[in-house]
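Structural characterization, general
Okay, here's what each chain looks like letter by letter:
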Amino acid sequence: MNDSSSSIAQSILEFVRRSVPGYGIRGGFGVAALLMTLTLGYNSDSQTFAADHPGTANTQEVANYQSPPLGHSGWGEVGANTPFNGDRIQALFPNYRVESSQISLEGMLYPAIEVYDNSILVARMDPQDANNPNLGILRITIYDESIEGPGGVTIGTSYNQTPGSSRFDCFPGEEYLTGYVICRSPQSDRIQYIYGPIQRESRRPMMELPPENVLGNARLDRLEWLNWQGR
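Summarised in this report is the structure supplied together with it. (Residues numbered from 1 in each chain as written. Predicted model: local features only at pLDDT ≥ 70, side-chain atom pairs only at ≥ 80, totals over all residues. Heavy atoms only, no water.)

**Some points on the pattern of salt bridges**
All chains considered together, the criterion is met by four salt bridges. A salt bridge links Arg 97 to Glu 99; the shortest N-O distance between them is 2.2 Å. According to the relative accessible area criterion, Arg 97 is partly exposed, its value standing at 34%. Assessed through its relative accessible area of 31%, Glu 99 is described here as partly exposed. Of the charged contacts in the structure, one is a salt bridge between Asp 221 and Arg 222, with a shortest N-O distance of 2.9 Å. Residue Asp 221 is classed as buried on the basis of its relative accessible area of 4%. Here Arg 222 falls in the buried class, since its relative accessible area comes to 2%. (Salt bridge = Lys/Arg side-chain N within 4 Å of Asp/Glu carboxyl O. Buried < 20%, exposed > 50% of the residue type's maximum accessible area, 1.4 Å probe, protein only.)

**Here we look at unusual backbone geometry**
In this structure, the amide linkage connecting Gly 196 to the following residue, Pro 197, adopts the cis form with an omega of 0 degrees. With respect to the helices, strands and loops of the structure, Pro 197 is situated in the loop between strand S10 (188-195) and helix H4 (212-217). Backbone geometry at Asn 118 places phi at a positive 55 degrees, although glycine is not the residue there. For Asn 118, the location among the structural elements is in the loop between strand S5 (108-117) and strand S6 (120-127). (Helix = DSSP H or I, 4+ residues; strand = E, 2+ residues; numbered from the N terminus.)

**A few points about the sheet that holds strand S2 (residues 74-75)**
In space, the three strands of this open sheet follow the order S1-S2-S3, with antiparallel pairing throughout. Since the sheet does not close on itself, it has two edges, and those belong to strand S1 (70-71) and strand S3 (78-79), each with one partner. (Pairing = 2+ DSSP bridges.)

**A word on the packing of aromatic side chains**
Going through the model one piece at a time under the given rule, you end up with six aromatic pairs. Ring geometry for Trp 75 and Tyr 96: centres 6.1 Å apart, planes at 40 degrees, overall tilted. With a gap of 21 residues between them, Trp 75 in strand S2 and Tyr 96 in the loop between helix H3 (86-92) and strand S4 (97-105) connect regions that are remote in the sequence. Side by side, Trp 75 and Tyr 96 carry an identical accessibility label, which is buried. Centre to centre, the rings of Phe 168 and Tyr 193 are 4.5 Å apart; their planes meet at 35 degrees, and the pair counts as tilted. You can see Phe 168 sitting in the loop between strand S7 (137-142) and strand S8 (169-172) and its partner Tyr 193 sitting in strand S10, a full 25 residues away along the chain. Tyr 193 shares its class with Phe 168; the two are buried. Ring pairs connect the aromatic residues Tyr 159, Phe 168, Tyr 193 and Tyr 195, which therefore count as one cluster. Seen from the ring of Tyr 116, Arg 97 lies directly overhead, with NZ or CZ sitting 4.6 Å from the centre. We note Arg 222 situated over the ring of Tyr 180; from NZ or CZ to the ring centre the distance is 5.3 Å. (Phe/Tyr/Trp six-rings, centres within 6.5 Å; stacked < 30°, edge-to-face > 60°. Lys NZ or Arg CZ within 6 Å of the ring centre and 35° of its normal.)

Have a look at this one:
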């Protein structure tokens, strides 16, 4: 391609980026990046949960919309008193696409609300009671690095680089979180930081934390907000 053609192509691409709502992926990957749907542990055709594939790395692209951060009270306007209702969540996040679905966990199907930016899975919400949506949301799981957590932490941040990690209370994950480390901050017992997957040394007991140098380099895989009653 000559210089003139290259200039025209760049002008057209810039025009599309500015003119088409929701277009573009951070970092300038362009049109091809919009075709990528590489979400952690989730396949939109099979509707499987990360629990079924705990060793899958988070390789999805970064979402486009600037979302509110995840904090002690919840995610934006979604919090302890928000009903588990897809239409309600869609109204609170008009720039996202919200879908009601089912997830598979240890062979059982459970309802979930999933939030997308284009084809990118941004977050998933689980109900307090699948039979009573008015009881609200039990858990919000953040998968995308476009959403900040406490102190500005984002998915992919190492344990050592996570603000306040020196004061974290951490413990090894079990069952579908085997190979991960779960941490909580004294500043908010509603937020869980999940790091991993971390390869276990053959001599290390299953329920023992990895050495400091190993944990220190582990990457934040997801953030969870938990609706503890009475907190």
